[in-house]
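If you want the building blocks of each chain, they are given just below.
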Amino acid sequence: PAACASSADSKLSWEHLKGLCQGALNSAPTACYKDAPLGSNETLKLMLCRGALSGAVVECAKHAPYAMNTENKALLCNRAQSVVPASCAEQIWSSKRGVAAGNTLRSALN
């Protein structure tokens, strides 16, 4: 947690810092938070980056289907170790059961 907290942006509130770095093994969660492609929504960035072990989480979120909403991207890629979850979602999303049918990620996966 110390490596994570010491590398955090000074603008991050104590509560968010605590949530982001609790149990962190390295500074990956704060690096993820800084690079997360989820706009300025702090809650979603925390959801994505809590528990991150490497930059794979950000890469996964960047490769998730463009039309997927940011909450689903955060849920899909949290703790990802590669872009495989995003690639899988992209294949499902672009199939006949994807966005064109108005499905959510959860319904497309079932």
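Per chain, residues are indexed from 1 in the order of the written sequence. Per-residue local features of the predicted model are confined to residues with pLDDT of at least 70, and side-chain atom pairs are confined, for both listing and counting, to 80 or more; whole-chain, interface and lining totals are unaffected and use all residues. Side-chain numbers here rest on the full set of heavy atoms in the structure, without hydrogens or water.

A. Here's a closer look at helix α3 (residues 28–35). When α3 is considered as a whole, its buried residues turn out to be A28, P29, T30, C32 and Y33. It only takes one pair of heavy atoms within 4.5 Å for two residues to be counted as in contact. A run of H or I in DSSP becomes a helix once it reaches four residues, and a run of E becomes a strand once it reaches two; helices and strands are each numbered from the N terminus. Looking at the buried residues of α3, the elements they touch are α1 (2–6), α2 (14–21), α4 (42–49) and α5 (56–63). Working definition: with a 1.4 Å probe on protein chains only, accessible area under 20% of the residue-type maximum means buried, over 50% means exposed, and in between means partly exposed.

B. Representation of the nonpolar core within the structure. The term nonpolar core refers to a set of buried residues drawn from Ala, Val, Leu, Ile, Met, Phe, Trp, Tyr and Cys, joined through side-chain atoms within 4.5 Å. Counting residues in hydrophobic clusters, the biggest one holds 30 residues, and the most contacted among them are L20, C32, L48, C49 and C77. In contact with L48, not counting residues within four places along its chain, are C32, A36, P37, L38, V57, A61, K73, A74, C77, N78 and R79.

C. Highlighting the state of the cysteines. We call a pair of cysteine sulfur atoms a disulfide whenever their separation is within 2.5 Å. Applying the stated rule across the entire model yields three disulfides. Here C4 engages in a disulfide with C21; their sulfurs sit 2.0 Å apart. Judged by the torsion about the S-S bond (-70°), the C4/C21 disulfide is left-handed. In this pair, C4 sits in helix α1 while C21 sits in helix α2, placing the two residues 17 residues apart along the sequence. Residue C4 is classed as buried on the basis of its relative accessible area of 0%. Assessed through its relative accessible area of 4%, C21 is described here as buried. Note that C60 is cross-linked by a disulfide to C77, the S-S spacing being 2.1 Å. Disulfide C60-C77: the torsion about the S-S bond is -65°, which places it as left-handed.

D. Quick peek at the environment of Q22. Its location among the elements puts Q22 in the loop between α2 and α3. C-alpha separation for the pair Q22 and P1, spaced 21 residues apart in sequence, amounts to 5.8 Å.

E. Focus on the pattern of salt bridges. Basic side-chain nitrogens of Lys or Arg form a salt bridge, by our definition, when they fall within 4 Å of a carboxyl oxygen of Asp or Glu. Scanning all chains against the criterion turns up two salt bridges. As a salt-bridge pair, E15 and K18 come within 3.7 Å of each other at their nearest N and O atoms. Of this pair, E15 and K18 both sit in helix α2, separated by three residues, roughly a single helical turn. Taking the relative accessible area as the measure of exposure, E15 reaches 52% and is therefore exposed.

F. Structural detail: the packing of α3 against α4. At their nearest, the axes of α3 and α4 sit 9 Å apart, and the two run at 140° to each other. It follows that α3 is oblique to α4 by the angle criterion. Once α3 is placed against α4, the crossing between them reads as right-handed. Together, P29, C32 and Y33 of α3 and E42, K45, L46, L48 and C49 of α4 make up the contact between the two elements. Partitioning the contact of α3 with α4 into residue classes produces six nonpolar, no polar and two charged. What counts as an axis is a line fitted to C-alpha atoms, over the stretch in contact for a helix, and the angles between N-to-C directions run from 0 to 180 degrees. If an angle is under 35 degrees, it is roughly parallel; if it is over 145, roughly antiparallel; if it lies from 65 to 115, roughly perpendicular; otherwise it is oblique. A crossing counts as left-handed when the near helix is turned anticlockwise from the far one by less than a right angle, and as right-handed when that turn is clockwise. Any residue that is not Ala, Val, Leu, Ile, Met, Phe, Trp, Tyr, Cys, Pro, Asp, Glu, Lys or Arg is counted as polar, Gly included; the first ten are nonpolar and the last four charged.

G. Spatial organisation of α5. Along α5, the residues that are buried comprise A56, V57, V58, C60 and A61. The elements touched by buried residues of α5 are α3, α4, α6 (70–77) and α7 (84–93).

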